[in-house]
Amino acid sequence: MKKILFLTIAILSSVYCKAQTELAFPFQGGAPVMNRFFKDSLVVSPDIIKKKATGTAVFKFTADTKGTIKKIIVYYADDYILTGPIIEALKKSNHKWVIPDHEKFHDFIIPFSISFNPPAMASNATIKEAYQFYSNRKPIISYNQVPLEYATLLPTVVVSYDVQE
């Protein structure tokens with residue numbers, strides 16, 4: 001009886017180990033490396049800094065077996081101005097994506113959050129510019145459904161930039 005129980009536990013643990021190998025993080029190096037890569041690669045444009053733009057953008061992209069990005073789709077963005085630097089950073093991530101063994105292409109959904117670090121003593125002008133951007137933003141909205149069962153949702157990449165008075 002002990003041998004059967006031991007054999008059953010050994011088989012179940014090997015199945016668990018197999019599941020772990022298939023569910024590796026899809027960016028070479030893991031989540032911390034991915035966050036560092038995007039924080040270093042995403043260059044906030046002077047236009048974003050000038051307008052004190054903040055917001056969220058959600059992208060879907062397709063990677064092939066070599067980790068090359070084939071297609072980038074904007075599912076949501078608080079404003080068009082936020083999408084340019086994110087697309088450029090995504091293009092720099094070519095050959096860094098790992099897809100499951102049995103697939104030729106795989107879809108990923110990655111959210112970005114961009115905000116500014118306010119100065120210690122924010123002036124009324126800074127507050128007014130941030131409010132001006134917020135009240136005049138024009139969101140990009142996708143009316144297509146997001147196919148979650150066929151895509152991998154990645155953790156949100158948070159990017160902050162400094163604002164001068």
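Structural data are supplied above this passage.
What comes next concerns the included structure. Since the model is a prediction, treat every value here as computed from it, not as a measurement.

## A few points about the pattern of salt bridges
Summed over all chains, the structure comprises five salt bridges. The partner of Lys52 in a salt bridge is Glu129, with the nearest N and O atoms 2.7 Å apart. With Lys52 in the loop between helix 3 (46–51) and strand 1 (55–64) and Glu129 in helix 5 (residues 124–136), this residue pair connects regions lying 77 residues apart in the sequence. Two residues, Lys60 and Asp107, come together in a salt bridge whose shortest N-O distance is 3.7 Å. Highlighted residues: Lys60 in strand 1 and Asp107 in strand 3 (residues 105–117), separated in sequence by 47 residues. Considered together, Lys60 and Asp107 belong to a single accessibility category, that of buried residues.

## Looking at the environment of Phe108
Structurally, Phe108 is set in strand 3. The residues touching Phe108, leaving out its near neighbours within four places in the chain, are Pro26, Phe59, Lys60, Phe61, Ala63, Val98, Ile99, Thr152 and Leu154.

## A short note on the side chain of His106
Following the sequence through the fold, His106 ends up in strand 3. We classify His106 as buried; its relative accessible area is 9%. Within the structure, His106 has its side chain in polar contact with the side chain of Glu103 (distance 2.6 Å).

## Some words on the packing of aromatic side chains
Across all of its chains, the model carries 11 aromatic pairs by this definition. Taking the centre distance of 5.4 Å and the plane angle of 35 degrees together, the rings of Trp97 and Phe108 count as tilted. Linking Trp97 in the loop between helix 4 (83–92) and strand 3 with Phe108 in strand 3, this pair joins segments that are 11 residues apart in sequence. In terms of burial, Trp97 and Phe108 fall into one category: buried.

## Examining helix 4
Turning to helix 4, its buried residues are Thr83, Pro85, Ile86, Ala89 and Leu90. Each buried residue of helix 4 lies within a common arc of 165 degrees when the element is viewed along its axis, so the set occupies one face. Buried-residue contacts for helix 4 involve helix 2 (31–41), helix 3, strand 1, strand 2 (69–77), strand 3 and strand 4 (140–141).

## Let's talk about helix 2
Turning to helix 2, its buried residues number three or more, namely Met34, Phe37, Phe38 and Ser41. For helix 2, the angular spread of buried residues about the axis comes to 90 degrees, placing them on one side. Facing away from the buried side of helix 2 by more than 90 degrees, the exposed set consists of Pro32 and Asp40. Of the surrounding secondary structure, the elements contacted by the buried residues of helix 2 are helix 4, strand 3 and strand 6 (157–162).

## Some details on the side chain of Lys52
By relative accessible area, which is 7% here, Lys52 ends up buried. Only 2.7 Å separates the side chain of Lys52 from the side chain of Glu129, close enough to count as a polar contact. Ignoring any residue separated from it by four or fewer positions in sequence, one finds Lys52 in contact with Phe116, Thr126, Glu129, Ala130, Phe133, Tyr161, Val163 and Gln164.

## Let's talk about unusual backbone geometry
Positioned with a positive phi, Lys52 is a non-glycine residue whose angle comes to about 55 degrees. Located in the positive-phi region is His95, a residue other than glycine, with phi close to 65 degrees. Along the chain, His95 falls in the loop between helix 4 and strand 3.

The rules behind each value
Residues numbered from 1 in each chain as written. Predicted model: local features only at pLDDT ≥ 70, side-chain atom pairs only at ≥ 80, totals over all residues. Heavy atoms only, no water. Salt bridge = Lys/Arg side-chain N within 4 Å of Asp/Glu carboxyl O. Helix = DSSP H or I, 4+ residues; strand = E, 2+ residues; numbered from the N terminus. Buried < 20%, exposed > 50% of the residue type's maximum accessible area, 1.4 Å probe, protein only. Contact = heavy atoms within 4.5 Å. Polar contact = N/O pair within 3.5 Å; in protein donor to acceptor, adjacent residues only side chain to side chain. Phe/Tyr/Trp six-rings, centres within 6.5 Å; stacked < 30°, edge-to-face > 60°. Arc of directions from axis to C-beta.

On their own, these measurements won't tell you what the molecule is for.
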